[in-house]
Amino acid sequence: MKRERSVCMGTIRGRVGGMIGGYSVECRVDADGIFGRLGGSLIGADINLKRDPEGRFLEGRIGGSIIGKDLKVEVGENFARGRLGGSVVGNDITLSCAERITGRCGGGLVGFDINLSFDPDTGRLTGRLGGQISGKDVDFEVADALPVYGGIIAAVTYYFYRENRKRGSSSSNR
């Protein structure tokens, strides 16, 4: 049986971090996947994640072909687990979506915690990525899409924010 393509499009939009020192996110979510951009036009990354025919996996690229990362995530209504980057230099992503969206991206030493809350009445996804001191707040609107998709996009956005800060602090001409 052929799967019908939905014409209904959802959105994920908002911000990781404050107005200064944060990244904006703007994505569309449809039957084919999640597509959009994190960050700005100069410092940011394209989001190009395709959904498999069964809807179990999101797979694709965040960023460009040179400065970017592959992402493959198995997604259920209440979980997400996968990998950002390659098998050697990459980060595991695990999310659990019960009353809150919680989990981790990366390992115990260099990774970060994910602690978000979704309000189904307003579509707001809010919370914190990373620690209370060095982390960033999340303020997203998730419309007509699974909240776990918002959690995945928030984690990837914070990962890219951290990576760009590392590159900026190690090079004075960026």
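Residues numbered from 1 in each chain as written. Predicted model: local features only at pLDDT ≥ 70, side-chain atom pairs only at ≥ 80, totals over all residues. Heavy atoms only, no water.

Participant: Sorry, what's going on with unusual backbone geometry here?
Facilitator: The phi angle of most residues is negative, glycine excepted, and most peptide bonds adopt the trans form. Within the chain, Asp-144 stands out as a residue other than glycine whose phi angle is a positive 55 degrees. Relative to the helices and strands, Asp-144 is located in the loop between β12 (136-143) and α1 (147-170). We classify Asp-144 as exposed; its relative accessible area is 60%. (Helix = DSSP H or I, 4+ residues; strand = E, 2+ residues; numbered from the N terminus. Buried < 20%, exposed > 50% of the residue type's maximum accessible area, 1.4 Å probe, protein only.)

Participant: Is there a simple way to explain the packing of aromatic side chains in this structure?
Facilitator: Two numbers describe a pair of aromatic rings. These are the distance of the centres and the angle of the planes. Under the definition given, this model contains four aromatic pairs. Centroid distance Tyr-23 to Tyr-161: 5.7 Å. Interplanar angle 85 degrees. Geometry classified as edge-to-face. Of this pair, Tyr-23 sits in strand β2 (residues 23-30) while Tyr-161 sits in helix α1, placing them 138 residues apart in sequence. Among the residues examined, Tyr-23 registers a relative accessible area of 8% and is labelled buried. Taking the relative accessible area as the measure of exposure, Tyr-161 reaches 11% and is therefore buried. (Phe/Tyr/Trp six-rings, centres within 6.5 Å; stacked < 30°, edge-to-face > 60°.)

Participant: How do you make sense of the sheet that holds strand β4 (residues 44-51) when you look at a structure like this?
Facilitator: Each strand in a sheet pairs with another by means of backbone hydrogen bonds, the pair being arranged parallel or else antiparallel. With antiparallel pairing, the twelve strands of this closed barrel are ordered in space as β1-β2-β3-β4-β5-β6-β7-β8-β9-β10-β11-β12. Averaged over all pairs of adjacent strands, the angle between their axes in this sheet comes to 15 degrees, without regard to strand direction. Note that β4 and strand β5 (residues 57-63) share five bridges and pair antiparallel. Opposite Leu-49, over in β5, you have Gly-60 as the bridge partner. (Pairing = 2+ DSSP bridges. Axes fitted to C-alpha atoms, helices over the stretch in contact; angles between N-to-C directions.)

Participant: Explain the pairing of strand β3 (residues 33-39) here, please?
Facilitator: Along a regular strand, successive side chains alternate from one face of the sheet to the other. Most of β3 sits inside the fold, with five of its seven residues counted as buried. Where β2 lies against β3, six bridges are found, and the strand directions are antiparallel. From the neighbouring strand, Arg-28 faces β3, where its bridge partner is Phe-35. Joining the antiparallel neighbours β2 and β3 is a turn of two residues. Note: β3 against β4, seven bridges, orientation antiparallel. Bridging across to β4, Phe-35 finds its partner in Asn-48. Where β3 folds back onto β4 in an antiparallel hairpin, the turn is made up of four residues.

Participant: What exactly am I supposed to notice about the pattern of salt bridges here?
Facilitator: Close approach of charged atoms allows side chains with opposite charge to pair. Summed over the entire model, instances satisfying the criterion amount to ten salt bridges. Note that Asp-139 is salt-bridged to Arg-124, the shortest N-O span being 2.5 Å. Here the residue Asp-139 occupies a position in strand β12, and Arg-124 occupies one in strand β11 (residues 124-129), the gap between them amounting to 15 residues. Beyond isolated ion pairs, a larger network of salt bridges with shared partners links Arg-56, Glu-74 and Arg-81. (Salt bridge = Lys/Arg side-chain N within 4 Å of Asp/Glu carboxyl O.)

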